Amino acid sequence: MKFNELQLTDEVLRAVEDMGFVETTEIQARSIPLIKSGIDIIGKSNTGTGKTAAFGIPAIESISREKNGVEVLILCPTRELAMQACDEIKKFSRYMSWVKPCAVYGGANMDRQIIELKRGANLVVGTPGRVMDHMRRRTLKLHNLKMIILDEADEMLNMGFREDIECILQDIPEERQTILFSATMPPAILAITNQYQNNPELIKIDQKYRTVDTIEQYYFEVPSGMKTEAMQYLLLAYEPKASMIFCNTKKMVDELTDALTGKGFKACGLHGDMKQAQRSFVMDKFKSGKINILIATDVAARGIDVSGVDVVFNYDLPQDNEYYIHRIGRTGRAGKSGSAYTLISNRKQIYELRALSKYIKADIVEKELPEKSEIINNKMQKLVTKITAASEQPLREEAEIILSILNKEGYSPEEIAGILINLRLNKEFRNIPEFELPKVKKYSPKHSGGKLTKEKASKIEISAGKLHRIAPNFILGALVEATGMPGRSFGKIEIFEKYSTVEVPEADLEFVVDAMDNTKINGKKVSVKLCERKPSEKSLRHGSGSRRNDHSRRKNQGGYHRKRK
Ligand code: ADP
Ligand code: MG
């Protein structure tokens, strides 16, 4: 459907045209007429589907030309989203001088917001906490409110805004229109809907319209501890124009930002511990292209809409499937294509990724990390293309320099050209980390089927023991994580002073040794090999229930051994 089939006012149509919108998205085509008809709406639709216009356009059209105070209130989960929605609404209403949007959010100057509210704001976009603040101070009066919109309602609840939201909903006039948008419909949302909406109509956008369909998704297996280097490889190999990298923690955002800027990448971090001014500063730098890599946590980046993000990286696999969708939804906005790359660093994550792929009904394809030589070749190739495409003739001064080098120093033209190319590329090559990524071996249960049979057990020796505060469950955890094999595949685990042994299925011996070598257990990097010791030393056994290492406590070992027979 086209916008001009929606019976919008001329002012809105002109603004929409200015913005380059022609076709509506599905949620827009379905919500705009219903909201205009005055009924309550529940919109279930994913990120990147154009919800701001879906509610923003009917919202501005509902505002009267008389000075009636605040008529529309829009609640958003974060300051960034509030600012973004307000900016977009300002664009839609640019030919409607009587519409006065105003954004209010925490972490920003209260007085300035008060001045703006006093100047006759009639459409307020804000975060629930700050809206409550203004209501308490009576700087925001809502007795004339005609429409309230809850944008990303599920996320607002996740962020602990439930009480504030209910407080606001109870305080505003009962005769009003209540619009709610949410990507998911947990019971808490339905409860709000039941209590505060009036016969709402549900608009559900079919999964198949999810924007993730236009995003190519890949994953890379990278040994843990090498993800930062892998990240550099990927950035150098794909050279995204603008990319976002997601980490699961604020600490990781800071560390990765330091690591990448240290290598000369134009990157900035974004997370909830940063002051509002800092966050706006970072967003502006990213939007204007002064930096082209934004490293963020999920909450900080929720819903952020920057056009032209061509690649999203999941440095950490997200803890929640919906987070994955939100993350990769930062690229491929409004029908454009994009790519998403996910780093995974252990077997367990492969299973998580498979479950994720099923959940989103899309393929996530394995890819090999590019080799250093590939990256170099690519850059060479690009330079050659640039040189051959350039049609400039050397200037007189340049020609003179070349001639003087040729005459004086006895270089050949090839040598001069070679030196210039080297000078130019050296700087870029310095960025490529010096390391070989070990190829990760894959576990295929064709050998033992993950079963341990008495006759076919071998023992491996791991270079961590009592001395390193290792307990059997640490080892079992590390084994399962590194190999992806079920816990029951492993037999007796014995902890000695400086090392430990584990029974593993003979058929998987080589695989287990490979997968475990150089991994970390309880923070200690371990080496793993086939155990060739005689089974004479005594130890703590897996599943014995005893915490003690009897090897170092010979005096106390009697009772323990009797129990074990
Ligand atoms: P959501 O809130 O569902 O995540 P947004 O409202 O932020 O989505 O819109 C995502 C992007 O798509 C924005 O950049 C917006 O300007 C753009 N957009 C929205 N509707 C259209 C449309 N009909 N045609 C083209 N671009 C659109
Ligand atoms: Mg939105």
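The structure we're discussing is the one just above.
Calculation rules
Residues numbered from 1 in each chain as written. Chains lettered and ligands numbered in written order. Predicted model: local features only at pLDDT ≥ 70, side-chain atom pairs only at ≥ 80, totals over all residues. Heavy atoms only, no water. Helix = DSSP H or I, 4+ residues; strand = E, 2+ residues; numbered from the N terminus. Buried < 20%, exposed > 50% of the residue type's maximum accessible area, 1.4 Å probe, protein only. Contact = heavy atoms within 4.5 Å. Areas by Shrake-Rupley, 256 points an atom, 1.4 Å probe, with all protein chains shown as cover. Pairing = 2+ DSSP bridges. Axes fitted to C-alpha atoms, helices over the stretch in contact; angles between N-to-C directions. Arc of directions from axis to C-beta. Near = heavy atom within 4 Å. Polar contact = N/O pair within 3.5 Å; in protein donor to acceptor, adjacent residues only side chain to side chain. Expected span 1.5 Å × (residues − 1).

A. Layout of the overall build of the protein. For the protein, the helix and strand inventory stands at 21 helices and 21 strands. Buried positions account for 49% of the 565 residues belonging to the protein. Considering only residue pairs separated by 6 or more positions, the protein has 74% of its internal contacts joining residues 24 or more positions apart. With the model as given, the accessible surface of the protein reaches about 29,400 Å², and the carbon-plus-sulfur share is 49%.

B. Region of interest: the pairing of strand β1 (residues 41–44). Residues I41 and G43 line one face of β1 and the alternating positions I42 and K44 line the opposite face, and both faces are buried. Sheet topology note: the β1/strand β6 (residues 177–182) ladder contains four bridges and is parallel. Each bridged residue has a counterpart across the sheet, and for G43 the counterpart in β6 is F181. The pairing of β1 with strand β7 (residues 201–204) spans four bridges and is classified as parallel. If you follow I42 over to β7, its bridge partner there is L202.

C. Spatial organisation of the sheet that holds strand β9 (residues 243–246). The sheet built from seven strands is open, its strands ordered β10-β11-β9-β12-β13-β8-β14 with parallel pairing. The sheet is open, and its two borders are formed by β10 (267–270) and β14 (365–366), each paired with just one other strand. One ladder, built from two bridges, connects strand β8 (residues 215–221) with β14; its direction is parallel. Residue pairing in the sheet places Y218 in a bridge with V365 of β14. Against the sheet, helix α10 (residues 227–238) touches β8, β9, β11 (293–296), β12 (311–314) and β13 (338–344), its axis set at about 160 degrees to β13. This element, helix α15 (residues 347–360), spans β8 and β13 of the sheet and lies at about 150 degrees to β13.

D. Region of interest: helix α1 (residues 10–18). Turning to α1, its buried residues are V12, L13, A15 and V16. For α1, the angular spread of buried residues about the axis comes to 165 degrees, placing them on one side. Exposed residues lying more than 90 degrees from the buried face of α1 are D10 and E17. Considering only its buried residues, α1 is in contact with α3 (51–61) and α4 (79–92). Residue G20 follows α1 closely and has a positive phi angle near 85 degrees.

E. Molecular detail of the site of ligand 1. The environment of ligand 1 is formed by 17 residues, the closest being E23, Q28, G48, T52 and D305. Between ligand 1 and E23, the relevant distance is 2.8 Å, taken from a nitrogen atom to a main-chain nitrogen or oxygen of the residue. A distance of 3.3 Å is found between an oxygen atom of ligand 1 and a side-chain nitrogen or oxygen belonging to E88. For ligand 1, whose free accessible area comes to 570 Å², the fraction covered by protein is 85%.

F. Main features of the pairing of β12. On β12, burial covers both faces: V311 and F313 on one face and V312 and N314 on the other are all buried. The pairing of β9 with β12 spans four bridges and is classified as parallel. In the strand pairing of β12, M244 is matched with V312. With four bridges connecting them, β12 and β13 associate as parallel partners. In the strand pairing of β13, V312 is matched with A340.

G. Structural detail: the sheet that holds β7. In spatial order, the strands read β3-β4-β2-β5-β6-β1-β7; together these seven strands make up an open sheet with parallel pairing. For this open sheet the edge positions go to β3 (101–104) and β7, each flanked by a neighbour on one side alone. Averaged over all pairs of adjacent strands, the angle between their axes in this sheet comes to 15 degrees, without regard to strand direction. As judged from the four bridges shared by strand β5 (residues 147–150) and β6, these two strands associate in the parallel manner. Note on β6: the bridge partner recorded for M147 is Q177. Seen against the sheet, helix α2 (residues 26–36) touches β1, β5, β6 and β7 and runs at an angle of roughly 165 degrees to β7.

H. α4, seen in detail. With 14 residues, α4 should reach 20 Å at 1.5 Å per residue; the first-to-last C-alpha distance of 20 Å fits that figure. If you check which residues of α4 are buried, you get R79, E80, L81, A82, Q84, A85, C86, E88, I89 and F92.

I. Structural detail: unusual backbone geometry. Of note, the phi angle at E152 is positive, near 50 degrees, even though the residue is not glycine. As for its position among the elements, E152 is in the loop between β5 and α7 (153–158). In this structure, E239 is a non-glycine residue whose phi angle is positive, near 40 degrees. Position of E239 among the secondary structure elements: in the loop between α10 and β9. Look at E239 and you get partly exposed, because its relative accessible area is 34%.

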